[in-house]
Each structure stands twice: as structure tokens, then as C-alpha cells.
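# Examining the three-dimensional arrangement
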Amino acid sequence: MSSPDFKKRVLTDEDLSLIASEIPALADLRGVRPWNRDKLWAAVLDALIEARTKSERAAAQQALGAIQALDAIDRLFVRHDW
């Protein structure tokens with residue numbers, strides 16, 4: 001079985017920032033524009049901790065799912081020039 005070719009990463013951090021800015025679950029969180037993984041994770045975790053009502057908890061869970069998906073996109077498709 002061949003391994004995936006990670007050299008074909010075609011997205012940039014700017015692309016990921018645009019994607020993040022268009023996700024409704026992340027619209028009210030700080031750190032979305034421009035993409036900043038650490039700030040966005042901090043905002044999602046704050047939302048989870050501060051959620052008091054059922055709707056706030058549901059919104060925080062949606063934001064958590066969205067950032068997890070963004071992390072997967074970042075790992076698999078974003079070109080990092082280290």
C-alpha cells in the first residue's frame with residue numbers, strides 16, 4: 001500500500017483563513033480572521049467553559065467540530081514552508 005503524497009498540499013494559510021471566516025459556527029469567535037490556530041482553539045475552549053444554556057453548549061460543540069475539521073484540513077492540505 002502506498003503512502004499519501006503530502007507534497008501535493010495546495011492550500012495556504014490564507015486559504016484556511018478564508019475557509020474559517022465562512023464557517024457560521026466560528027463567526028462570533030475571536031481569532032478567526034486571519035487564521036490563527038492557537039487563538040481560535042482558545043476561543044473555542046473558552047466558549048465550551050463559559051456555556052451555560054443548552055443552546056450555548058450546542059453552539060460551542062459546533063465550533064469545536066468546526067475547528068477539528070479545520071485542523072484536519074491544515075494537516076492534510078495546507079502547504080507549510082518551514
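The coordinates are above.
Calculation criteria
Residues numbered from 1 in each chain as written. Predicted model: local features only at pLDDT ≥ 70, side-chain atom pairs only at ≥ 80, totals over all residues. Heavy atoms only, no water. Salt bridge = Lys/Arg side-chain N within 4 Å of Asp/Glu carboxyl O. Buried < 20%, exposed > 50% of the residue type's maximum accessible area, 1.4 Å probe, protein only. Helix = DSSP H or I, 4+ residues; strand = E, 2+ residues; numbered from the N terminus. 1 Å grid on protein atoms, 1.4 Å probe; cavity = no way out; pocket = protein on both sides within 12 Å on 5 of 7 lines; lining within 4 Å. Points joined across faces, edges and corners; volume = space filled by probe spheres on them.

Counted by the stated rule, this structure contains two salt bridges. Among the ionic pairs, Arg37 bridges to Asp38, the shortest N-O distance being 3.6 Å. Taking the relative accessible area as the measure of exposure, Asp38 reaches 56% and is therefore exposed. With a closest N to O distance of 3.1 Å, Asp71 and Arg37 form a salt bridge. Taken together, the positions of Asp71 in helix H3 (residues 54-77) and Arg37 in helix H2 (residues 37-50) put the pair 34 residues apart, joining distant regions of the chain. On the accessibility criterion, Arg37 (37% relative accessible area) is partly exposed.

A few words on the environment of Gln68. Inspection of the secondary structure puts Gln68 in helix H3. Judged by relative accessible area, which is 45%, Gln68 ranks as partly exposed. In sequence terms Gln68 and Trp41 are 27 residues apart; their C-alpha atoms lie 9.2 Å from each other.

This paragraph deals with the layout of surface pockets. Size it by volume and the largest pocket reaches roughly 190 Å³. Ala25, Asp28, Leu29, Ala47, Glu50, Ala51, Glu56, Ala59, Ala60, Gln62 and Ala63 together form the lining of the largest pocket. Those elements that place two or more of their residues in the lining of the largest pocket are H2 and H3. At five residues, H3 tops the list of elements feeding residues into the lining of the largest pocket.

Any functional reading would require information that these geometric values do not contain.
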